[in-house]
Amino acid sequence: MTNKPQDSVQPFEAVSVQRKQAEGQTETMGSIFSPAQAPAQPQLILNELRVRQVELERQNEELRTARAQIDAERARYFGLYDEAPVGYCTLSEQGVILGANRTAATLLGMTRDAMVRQPLSRFIHHDDQDIYDLHHKQLLKTGTLQKYDLRLVKPDGGYIWAHLKETVDQGEDGAPVCRVVISDIGERKRAEEENRKFRTIADKAVYGKAIADLQGHLLYVNRFYAETHGYSPEELVGRNVSIFHNREQMPAADRLIAMIMRDGHFPPTKVWHRHQDGTEFPLLMSGILIKDEYGNSKCIATSAIDLSAQHQAEARLAESESLLNAVGQMVNAGGWKLDVDMQRVWWTRQTYHIHGLSLDYQPTVEEALNFYHPEDRSRLAGSLQQARSTGEPFDEEYRITNALGKPLWVRIICQPQMDAGGAYKLKGTIQDITERKLSNERIRHLNSVLKSLVMVSEIISTSQDQGRLLKDICHALTATRGYHNAWIILVDEDHRVTDSAQAGVGDAFQDLLSRFRQGEMSSCACKALDSPLLQVVPDPQTACTDCNLAGQYSGRAGFAVRLEAAGQPIGLLAVSVPRELAQDREEHELFMNLAGTIAMGVQRIRLEQIRREQERRLQCYERIISRINDPMSLVDENYRYIVVNDAYLQTFNKSRHEIEGHTVESLVGKDVFFNRVKPRLDQALAGREVVYEDSFPGLDGSPR
């Protein structure tokens, strides 16, 4: 600071007060001379000196107090300066560091003494020198605040990202100095880099990413998310997520928002959204609530996978999936414990229930194993022995027949436990999985039938020969193991056999076919041909004693249904199915659908044969009439020419394309057609022979 002369002169009022206080103090001290002894003038001078002394002492005390206050303020200032969360530097006009606080030195990883008298540019990354030079020159030129980001290099070669604020001031010597505030923005830069990486990854992702504030306004969407909804990312930023939902969809969206605000996330959930064009499509979405470092909720991030293709596939397979409603139900499970040394077994209540035994029965190990199917018994015994020897657990499925004679599938889980003596004790669970097994078998069977149906559809679309069609269909029905065997017999309106095929039946089918040709049909075949309903035979071996194929259905049920076209029977389809599926409604519907498809295929080939025969006959007629010298034509019920011979063309002086396919009226005229031609054509179309002679005006008006 610059000392100014007037700063040492005290105000008049302060001097007067100090003077009075000094005079009062000297009066209390008394004079060193008695009034009688002291000369008047020296005493006055002495008193004045004493007053002045006291006055100076008071001034010194006040100065010491002020100095102490100034020192305290200065110490506090320098403490704040040094401990500030940002770095401070003072630079000369040439950019040389004149001073720095402790934070600035700490940011650069060095002492203040090492910084002072060094150019600031020495600590700036070489790639950022131009940034510093530009702003420093601009500051000295304009005197305006400069703000910029750059990298500061540490002695170890590392660097930090810093934000600099630079101002210009006047130093004590009047020269310009620059004040620089340095803020560490490493965290911000890292966040920006992470954000850049996130955007790079998200923008190239093949799934949707979106971030919205707590009011639902979109802050970011990647291109996949935007294009899935029919927008560009720029069109969506700032808009509310409600544009993706119609009125019916909003309650589900509100529930997810409530869940994420309550739990901090929502798991992958199928959500319906609205496209820009108004169509609706499904997304598999998950979301998370993003909070700041203080735990305050900031925004919501969601990920989305477009399920449109999957939904379309599901829609195409909706009918098939309706037939495959396999219900896997959790069944009761019981516990067990086995003591091999004592040959004893302990069961829980539910284990007794599975085995069909009362609770007071105590089975031995041998008795327990006897419930298992002979083929599974040795396998279970081996697994138990292995578990007891090595401590290795197992999880396997077995067949049993319980005490009530009911066959079951069970799942055995064994978890060996070592006792205090180092021996393994066997404990575990038993679960009745019969329903699951049956359900799995049902699903497998229905899938096989669906494959057969697909194969049959492909065969029908390509086959041109009825005999080959029937053989290929029977083979397809058994090749996928959908049906154990299958046979088809086609009949005419008098139930006479016209064609047949089989797969999986063998030579016995020829005997059946011979009986059909002799008019000796089995009872189930008669019922099927006389009724459009499906005929189900749960046990053909006992129910169909008059059928020589009954032996082919051991342990299986039989389906038979008539093939029909336009409500009339054209044949019979029969297959064997697993007995447990004999009463399955979906199995019935699928089989009836299959029968309808086969009937359509047969009818298509028959109609194609009829069409070919008609074309052949038409070609024959064309050849016949073309050889007749007199004019001749064939006309359909709509009074259109089907074919005419050359003589007819010459008679009317027309080309073939001008007559064939056109009406008679267009050739002879309206009056002639309605008054003379149509009445005779109507008689001929009614089946009567009409013979007459007439003439018609030609193109030149002369009669023809």
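Everything that follows concerns the structure shown earlier in this document.
This structure is a prediction, so every number in the text was calculated from the model and none was measured.

Caption draft 1: Molecular detail of the pairing of strand β23 (residues 641-644). Bridge count between strand β22 (residues 633-635) and β23: three bridges; the pairing is antiparallel. Considered in β23, the bridge of S633 is made with V644. Hairpin connection from β22 to β23: five residues lie between these consecutive antiparallel strands, with Y639 at a positive phi of about 65°.

Caption draft 2: Region of the structure containing helix α6 (residues 186-204). Helix length check: α6, at 19 residues, gives a terminal C-alpha distance of 27 Å against a target of 27 Å (1.5 Å per residue), a fit within 8%. For α6, the set of buried residues is G186, K189 and A202. Looking at the packing, one finds that the buried side of α6 touches β3 (146-153), β4 (159-170), β5 (176-184), β6 (208-213) and β7 (218-221).

Caption draft 3: Expanded view of the packing of helix α16 (residues 466-479) against helix α20 (residues 585-626). α20 packs onto α16 with a crossing angle of 160° between their chain directions and a minimal axis gap of 10 Å. Here α16 is positioned roughly antiparallel relative to α20, judged by the angle of their axes. Between α16 and α20 the crossing geometry is right-handed. Listed contacts from α20 to Q466, L469, L470, I473 and L477 of α16 are L594, I598, G601, V602, I605 and R606.

Caption draft 4: Spotlight on the environment of S308. With respect to the secondary-structure elements, S308 resides in helix α10 (residues 308-316). Sequence separation between S308 and L284 is 24 residues; the distance between their C-alpha atoms is 9.9 Å. Excluding residues within four positions of it along the chain, S308 makes contact with F281 and P282. Among the polar contacts listed, one links the side chain of S308 to the side chain of D306, at a separation of 2.6 Å.

Caption draft 5: Just the environment of A162, in detail. Within the secondary structure layout, A162 lies in strand β4. Counting along the chain gives 24 residues from A162 to G186, while the straight-line C-alpha distance between them is 7.0 Å. When residues no more than four places from it in sequence are discounted, the contact partners of A162 are Y148, D149, L150, L152, I182, S183 and I185.

Caption draft 6: The sheet that holds strand β21 (residues 568-578), seen in detail. The five strands lie next to each other as β18-β17-β21-β20-β19, forming an open sheet whose pairing is antiparallel. Each end of this open sheet is capped by a strand with a single partner; those strands are β18 (497-503) and β19 (535-537). Taking each pair of neighbouring strands and ignoring which way they run, the sheet shows an average axis angle of 10°. On top of the sheet, α20 reaches β17 (486-491), β18, β19, β20 (556-565) and β21; it is set at about 40° to β20, its chief contact.

Caption draft 7: Quick peek at helix α24 (residues 670-685). With 16 residues, α24 extends just 20 Å between its outermost C-alpha atoms, more than 12% less than the 22 Å of an ideal straight helix rising 1.5 Å per residue. Most pronounced at V677, the bend in α24 amounts to some 50°, and the proline P679 follows within four residues. Among all positions of α24, only V672, F673 and V677 are buried. Positioned one or two residues after α24, G687 has a phi angle of 105°, which is positive.

Caption draft 8: Representation of the sheet that holds β3 in the model. Judged by pairing direction, the sheet is antiparallel, and its five strands sit side by side in the order β2-β1-β5-β4-β3 without closing on themselves. In this open sheet, the two strands that pair with only one neighbour each are β2 (97-100) and β3. Averaged over all adjacent pairs, the angle separating strand axes in this sheet is 30°, with direction ignored. Sheet topology note: the strand β1 (residues 87-92)/β2 ladder contains three bridges and is antiparallel. In the sheet register, T90 faces β2, and the bridge partner there is G99. Strands in contact with helix α5 (residues 129-142) are β1, β3, β4 and β5; relative to β3, the strand with the most contacts, it is inclined by about 145°.

Caption draft 9: Region of the structure containing the packing of helix α15 (residues 434-462) against α20. Contact geometry for α15 and α20: axes closest at 10 Å, N-to-C directions at 10°. With respect to each other, α15 and α20 are oriented roughly parallel. On the side of α15, the interface is formed by R442, H445, L446, V449, L450, L453, V456, S457 and I460, while α20 contributes E586, E587, L590, N593, L594, T597, I598, G601 and R604. Considering only residue class, the contact of α15 with α20 consists of nine nonpolar, five polar and four charged.

Caption draft 10: A look at a nonpolar patch on the surface. Judged by side-chain polarity, V206, Y207, L284 and I305 come together as a nonpolar surface patch covering roughly 370 Å² of accessible area. In this fold, Y207 is placed in the loop between α6 and β6.

Caption draft 11: Highlighting the packing of aromatic side chains. Inspection of every chain in the model, using the stated rule, returns 11 aromatic pairs. Measuring from ring centre to ring centre gives 5.9 Å for Y372 and Y398, while their planes differ by 90°; the resulting arrangement is edge-to-face. Of this pair, Y372 sits in the loop between α13 (365-369) and α14 (374-390) while Y398 is found in strand β13 (residues 394-401), placing the two residues 26 residues apart along the sequence. Just as Y372 is buried, Y398 falls in that class too. In textbook terms, an aromatic cluster arises when at least three aromatic residues are bridged by ring pairs, as seen for Y483, F559 and F591. Lying over the aromatic face of Y159, R151 brings its terminal NZ or CZ to 5.6 Å of the ring centre.

Calculation criteria
Residues numbered from 1 in each chain as written. Predicted model: local features only at pLDDT ≥ 70, side-chain atom pairs only at ≥ 80, totals over all residues. Heavy atoms only, no water. Pairing = 2+ DSSP bridges. Helix = DSSP H or I, 4+ residues; strand = E, 2+ residues; numbered from the N terminus. Expected span 1.5 Å × (residues − 1). Buried < 20%, exposed > 50% of the residue type's maximum accessible area, 1.4 Å probe, protein only. Contact = heavy atoms within 4.5 Å. Axes fitted to C-alpha atoms, helices over the stretch in contact; angles between N-to-C directions. Parallel < 35°, antiparallel > 145°, perpendicular 65-115°, else oblique. Left-handed = near helix turned anticlockwise from the far one by under 90°. Polar contact = N/O pair within 3.5 Å; in protein donor to acceptor, adjacent residues only side chain to side chain. Bend = angle between axes of the 7 residues up to and from the residue. Nonpolar A, V, L, I, M, F, W, Y, C, P; charged D, E, K, R; others polar. Patch = residues over 30% accessible without salt bridge, like charges linked within 9 Å, V, L, I, M, F, W, Y side chains within 5 Å. Areas by Shrake-Rupley, 256 points an atom, 1.4 Å probe, with all protein chains shown as cover. Salt bridge = Lys/Arg side-chain N within 4 Å of Asp/Glu carboxyl O. Phe/Tyr/Trp six-rings, centres within 6.5 Å; stacked < 30°, edge-to-face > 60°. Lys NZ or Arg CZ within 6 Å of the ring centre and 35° of its normal.

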